[in-house]
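Geometric and topological summary
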Amino acid sequence: MADFTHFNEEGRAKMVDVSEKPETARTAIAHSSITVSKEIYDKITNNEMKKGDVLAVAQVAAVMAAKKTWDIIPMCHPIPITGVNVTFSWEERQEDAYQLNIAASVKTKGNTGVEMEALSAASVCALTVYDMCKAVDKGMVIGPTYLVEKTGGKNGDYHRSEQIK
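The sections below set out a description of the structure shown in this document. Please read these numbers as outputs of a predicted model, since none were measured by experiment.

The rules we used
- Residues numbered from 1 in each chain as written.
- Predicted model: local features only at pLDDT ≥ 70, side-chain atom pairs only at ≥ 80, totals over all residues.
- Heavy atoms only, no water.
- Helix = DSSP H or I, 4+ residues; strand = E, 2+ residues; numbered from the N terminus.
- Buried < 20%, exposed > 50% of the residue type's maximum accessible area, 1.4 Å probe, protein only.
- Contact = heavy atoms within 4.5 Å.
- Areas by Shrake-Rupley, 256 points an atom, 1.4 Å probe, with all protein chains shown as cover.
- Axes fitted to C-alpha atoms, helices over the stretch in contact; angles between N-to-C directions.
- Left-handed = near helix turned anticlockwise from the far one by under 90°.
- Nonpolar A, V, L, I, M, F, W, Y, C, P; charged D, E, K, R; others polar.
- Phe/Tyr/Trp six-rings, centres within 6.5 Å; stacked < 30°, edge-to-face > 60°.
- Salt bridge = Lys/Arg side-chain N within 4 Å of Asp/Glu carboxyl O.

1. Overview of the overall build of the chain
From N to C terminus, the chain includes 4 helices and 6 strands. Judged by the C-alpha coordinates and their principal axes, the chain covers about 55 × 30 × 30 Å. Buried residues in the chain amount to 35% of all 165 residues. Within the chain, counting contacts between residues at least 6 apart in sequence, those at least 24 apart form 70% of the total. With the model as given, the accessible surface of the chain reaches about 9600 Å², and the carbon-plus-sulfur share is 52%.

What follows is the structure, encoded as C-alpha cells:
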C-alpha cells in the first residue's frame with residue numbers, strides 16, 4: 001500500500017498531506033451539458049420560467065458548488081479559490097431539442113488542484129437548470145460531464161484532445 005497515497009498503513013482511506021507541495025497557480029475547466037426540449041429552450045431564452053432567470057441562478061449555484069466541493073467530496077481539501085466563472089452556449093441538437101453547454105473554470109494559488117471544484121461547478125450548474133425546469137418537462141438529459149483542461153502542479157498541464165458530445 002506504500003505506493004498508494006490515499007491509504008494509510010492499515011489500508012484505510014486518508015486525505016493526502018499536501019503541505020510539502022509547492023504553491024503554484026492552478027486552473028481547471030470542466031464541461032457539462034443539459035439537453036432540453038424546444039419549449040424549455042424558448043422559456044429559458046425568453047426568461048419565461050416561473051422560477052426565474054434560469055441561467056443566472058444556475059451560475060450562482062455553480063460558484064457555490066465550487067466553493068463547497070470539499071464539503072461533499074470526502075478526500076478534497078478546503079482550498080482558497082481565487083476565481084470561478086461559468087459560460088453558456090446553446091446548440092440545436094434536433095428540430096425539437098437543444099443542448100445547453102456549460103463551461104466552468106476555477107482558479108487558485110495553492111498546493112493542490114481545482115479539477116474537482118470545476119467538475120462540481122459544472123455538474124451543479126446542470127442540476128440547477130434541471131431543477132428550475134422540471135415542472136415543464138422531466139425528460140431533460142444531463143451530461144456528459146468531463147474535465148476539459150487543468151494547469152499547474154507537479155503533474156503538469158492536461159488538455160482534452162477532443163470534446164465529447
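2. Section: the packing of helix 2 (residues 54–67) against helix 4 (residues 115–133)
Two packed helices can be described by the angle between their axes and the distance between those axes. Packing of helix 2 against helix 4 brings their axes to within 7 Å, and their N-to-C directions diverge by 145°. Note on packing geometry: the crossing formed by helix 2 with helix 4 is right-handed. Here helix 2 contributes Val-54, Val-57, Ala-58, Ala-61, Ala-62, Ala-65 and Ala-66 to the contact with helix 4, which in turn contributes Glu-117, Ser-120, Ala-121, Val-124, Cys-125, Thr-128, Val-129, Met-132 and Cys-133. The residue inventory of the contact of helix 2 with helix 4, partitioned by class, reads 13 nonpolar, 2 polar and 1 charged.

3. Describing the packing of aromatic side chains
Two numbers describe a pair of aromatic rings. These are the distance of the centres and the angle of the planes. The final tally for this structure, using the stated rule, is 2 aromatic pairs. Ring geometry for Tyr-41 and Trp-90: centres 4.8 Å apart, planes at 85°, overall edge-to-face. You can see Tyr-41 sitting in helix 1 (residues 38–45) and its partner Trp-90 sitting in strand 2 (residues 81–94), a full 49 residues away along the chain. Taking 3.9 Å as the distance between ring centres and 5° as the angle between the ring planes, the aromatic pair formed by Tyr-41 and Tyr-98 counts as stacked. Pair noted here: Tyr-41 is in helix 1 and Tyr-98 is in strand 3 (residues 97–110), with a separation of 57 residues, a long-range link. In textbook terms, an aromatic cluster arises when at least three aromatic residues are bridged by ring pairs, as seen for Tyr-41, Trp-90 and Tyr-98.

4. Considering the pattern of salt bridges
All told, the structure shown has 5 salt bridges when counted by the stated rule. Between Asp-131 and Lys-51 there is a salt bridge, with its nearest N and O atoms 3.6 Å apart. Of this pair, Asp-131 sits in helix 4 while Lys-51 sits in the loop between helix 1 and helix 2; the two residues are 80 residues apart in sequence, bridging distant segments of the chain. Since its relative accessible area comes to 48%, Lys-51 is described here as partly exposed. Residue Lys-134 pairs with Asp-131 through a salt bridge whose shortest N-O separation is 2.4 Å. For Lys-134, a relative accessible area of 30% gives the class partly exposed. In the salt-bridge network here, residues are joined through shared partners; they are Lys-51, Asp-131 and Lys-134.

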